[in-house]
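One-letter residues, chain by chain:
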Amino acid sequence: MKERTTRTVFRVFLDFSGQEEERWLSELARRGWFLKSIPVLFYRFKKGQPGDWVYRIDYRGSTKFDRKEYLGLFKDAGWEFAASSAGRYFFRTQRGSGPMPEIFTDKDSRIALHKRIITGLGLFVVILILEISNMLTNRFPRGAFWLIVLLMTSAIALALGYGLLRVYSQIRRLKKGQVSPAPGNK
Amino acid sequence: MSKLDDKASGFLPLTEATYFILVSLVEPCHGYGIMQNVASISRGAVKLGPGTLYGALTNLLKQGLIERAGELEPEDERRKVYGLTKLGRSVLALETERLGSLFRIGEESLKRHGGKK
């Protein structure tokens, strides 16, 4: 039997700060699966040498920026660009014996990252809430279909809202100094 | 206080990362050079991650404290070179003065009250 060299995984994370995702990707690298691309809602991996890799995710949003310079800076700093999707940039680097490598090394830049995430997601939540209120007020034919769409939209809005709250509380903890600005430096 | 200093004082205090970046840009330099310079002048104590550095450079450009300073290495187009503006230099000078006077006050009072390092 021929061994698989790529695999595609469906997975949704409600931790929008990206930390759970980073840990999951590192775990997969330890088993020899390396993130290659991110088709919407999926993660595609390619097989490689299992190793101790650290993943970090930056969120740039939809603002215009010099992508070549940006990726070049990460490369110079020893980070390999893995994939990007919807304004999110995934990087990895080999975990050495020193302190945990980080792409954000102070409190202010970590807070700024979380604020960018909230701005990006906030727009989705607003759109969903408008959609829900539209469904409730307009004269839509109220049948089973209407109910299913309404419930699904509400579930997504609630999940996003919950994720947003978690990012907010992360910002609060960063401001109060309850989390180390570089979470890996412990 | 000159008008420039007046404007510059509005940017104080600086974060440690911003201070180190401005210090590094006393001579025009690209992002990678800033990272290396910060590690070397702080004797490895301060490490500037690429995400933190990129965000800071973007902000400093927007605030007019730094500017694109031509291409020192034209063959290397992905490494953009930055330098301090007049305003940026004034901010750096004011912050250095402020930190210096804080340092002197702290040192004196620790000495007077038998503070140990």
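Values in this document were obtained by computation on a predicted structure and should not be read as measured data. Position labels on residues start from 1 in each chain and follow its written sequence. Written order determines the labels here, with chains lettered from A and ligands numbered from 1. The predicted origin of the model limits local features to residues at a pLDDT of at least 70 and limits the giving and counting of side-chain atom pairs to 80 or more, whereas totals for whole chains, interfaces and linings rest on all residues. Each side-chain value is derived from all of the structure's non-hydrogen atoms; neither hydrogens nor water enter the calculation.

(A) Representation of the overall build of chain B in the model. Check the secondary structure of chain B and you find 5 helices and 3 strands. Secondary structure counts use DSSP, requiring at least four H or I residues in a row for a helix and at least two E residues in a row for a strand, with both numbered from the N terminus. Listing each helix as α and each strand as β along chain B from the N terminus yields α-α-β-α-α-β-β-α. Considered along the principal axes of its C-alpha atoms, chain B spans approximately 60 × 35 × 20 Å. Contacts in chain B between residues at least 24 apart in sequence constitute 57% of all its contacts with a sequence separation of at least 6. For chain B, the accessible area works out to roughly 7100 Å², and carbon and sulfur atoms hold 54% of it. Counted charges follow a simple rule, with Lys and Arg positive, Asp and Glu negative, and His plus the chain ends left uncounted. Here the site of a charge means NZ on Lys, CZ on Arg, CG on Asp, or CD on Glu. When the 17 positive and 14 negative side-chain charges of chain B are each reduced to one mean point, those points stand 6 Å apart. The contact criterion used throughout is that any non-hydrogen atoms of two residues lie within 4.5 Å. All accessible areas in this document rest on Shrake-Rupley with a 1.4 Å probe, and a residue is counted as covered only by the protein chains that are shown.

(B) Examining the nonpolar core more closely. Of all hydrophobic cores here, the largest spans 56 residues; its most connected members are B:Ile21, B:Leu22, B:Leu25, B:Ile34, B:Leu53 and B:Ile66. Looking at which element gives the most residues to this core, the answer is helix 3 (residues 107-137) of chain A, with 9 residues. Here B:Leu53 is in contact with A:Leu73, B:Ile21, B:Gly31, B:Ile34, B:Met35 and B:Leu48, once residues within four sequence places are set aside. Throughout this description, the term nonpolar core refers to a set of buried Ala, Val, Leu, Ile, Met, Phe, Trp, Tyr and Cys residues connected via side-chain atoms within 4.5 Å. Only protein chains enter the area calculation, which uses a 1.4 Å probe; residues under 20% of their type maximum are buried, those over 50% are exposed, and those in between are partly exposed. Formed by 18 residues, the second largest nonpolar core is a distinct cluster that contains A:Phe13, A:Leu28, A:Ala29 and A:Trp33.

(C) Seen up close, the confidence of the model for chain B. With 91% of its residues at a pLDDT of 70 or more, chain B has an overall mean of 90. Both scores are given for the predicted complex: the pTM is 0.88, the ipTM 0.87. Every residue is assigned a pLDDT by the predictor, reflecting its confidence on a scale from 0 to 100.

(D) A look at helix 2 (residues 67-76) of chain A. Residue and element names in this part refer to chain A. Counting buried positions along helix 2 gives 7 out of 10 residues, so the element sits mostly inside the fold. Of the positions making up helix 2, those classed as buried are Glu69, Tyr70, Leu71, Gly72, Leu73, Phe74 and Asp76. Among the residues trailing helix 2, glycine 78 stands out with phi positive, at a value near 95°.

(E) Molecular detail of the packing of aromatic side chains. In this analysis, rings of Phe, Tyr and Trp, with Trp reduced to its six-membered ring, are considered paired at centre separations within 6.5 Å, and the interplanar angle assigns stacked below 30 degrees, edge-to-face beyond 60, and tilted for intermediate values. As enumerated under the stated definition, the model contains 16 aromatic pairs over all chains in all. Taken together, a centroid distance of 5.0 Å and an interplanar angle of 75° make the contact between A:Tyr70 and B:Tyr54 edge-to-face. Here A:Tyr70 is found in helix 2, whereas its partner B:Tyr54 is found in helix 4 (residues 50-63) on a different chain. Classification of A:Tyr70 by relative accessible area gives buried; the value is 0%. An aromatic cluster is defined as three or more aromatic residues linked by ring pairs; in this entry it consists of A:Phe65, A:Tyr70, A:Phe74, A:Phe81, A:Tyr89, A:Phe91 and B:Tyr54. Lying over the aromatic face of A:Trp33, A:Arg7 brings its terminal NZ or CZ to 5.3 Å of the ring centre. The aromatic ring of A:Phe65 is capped on one face by A:Arg60, whose charged end is 5.4 Å from the ring centroid. Counted as over-ring charges are cases with an Arg CZ or a Lys NZ within 6 Å of the ring centre that also lie within 35 degrees of the ring normal.

(F) Geometry of the sheet that holds strand 1 (residues 29-30) of chain B. All names here are of chain B. Pairing between two strands is assigned when DSSP locates at least 2 bridges connecting them. Pairing is antiparallel in the open sheet, where 3 strands are placed in the order 1-3-2. With one partner strand each, in any of the chains shown, strand 1 and strand 2 (66-68) form the two edges of the open sheet. Bridging between strand 1 and strand 3 (residues 81-84) involves 2 bridges; their strand directions are antiparallel. Within the sheet, the bridge partner assigned to cysteine 29 lies in strand 3 and is tyrosine 82.

(G) How the structure looks around the sheet that holds strand 1 (residues 6-10) of chain A. All names here are of chain A. Across the sheet, which stays open at both edges, the 3 strands sit in the order 1-3-2 with antiparallel pairing between neighbours. Pairing within the sheet leaves two strands with one partner each, and these edge strands are strand 1 and strand 2 (33-37). Strand-to-strand twist of the sheet, defined as the mean angle between neighbouring strand axes without regard to direction, takes the value 40°. Across 4 bridges, strand 2 lies against strand 3 (residues 42-47) in antiparallel orientation. Counted as the bridge partner of tryptophan 33 is lysine 47 from strand 3. Under this scheme, a helix contributes an axis fitted over its contacting stretch, all axes are lines through C-alpha atoms, and angles between N-to-C directions fall in the 0 to 180 degree range.

(H) Expanded view of the interface of chain B and chain A. Taken together, the contact pairs 19 residues of chain B with 19 residues of chain A. Interface of chain B and chain A: buried area, both sides summed, is about 1700 Å²; carbon and sulfur atoms make up 55% of it. Throughout, the accessible surface (probe 1.4 Å) given up by two parts as they are put together, summed over both, is called the buried area. It is B:Pro50, B:Tyr54 and B:Arg78 in chain B that bury the most area against chain A; as a group they hold 42% of the surface buried on that side. Put simply, a salt bridge is a Lys or Arg side-chain nitrogen that is within 4 Å of an Asp or Glu carboxyl oxygen. In this assembly, chain B and chain A are joined by 3 salt bridges. Elements supplying a minimum of two residues to the side of chain B that touches chain A: helix 3 (31-41) and helix 4 of chain B. Considering each element in turn, the side of chain B that touches chain A owes the most residues, 5 residues, to helix 4 of chain B. Residue classes in the side of chain B that touches chain A are distributed as 8 nonpolar, 5 polar and 6 charged. All residues other than Ala, Val, Leu, Ile, Met, Phe, Trp, Tyr, Cys, Pro, Asp, Glu, Lys and Arg, Gly among them, are scored as polar; the first ten of these are nonpolar and the last four charged.

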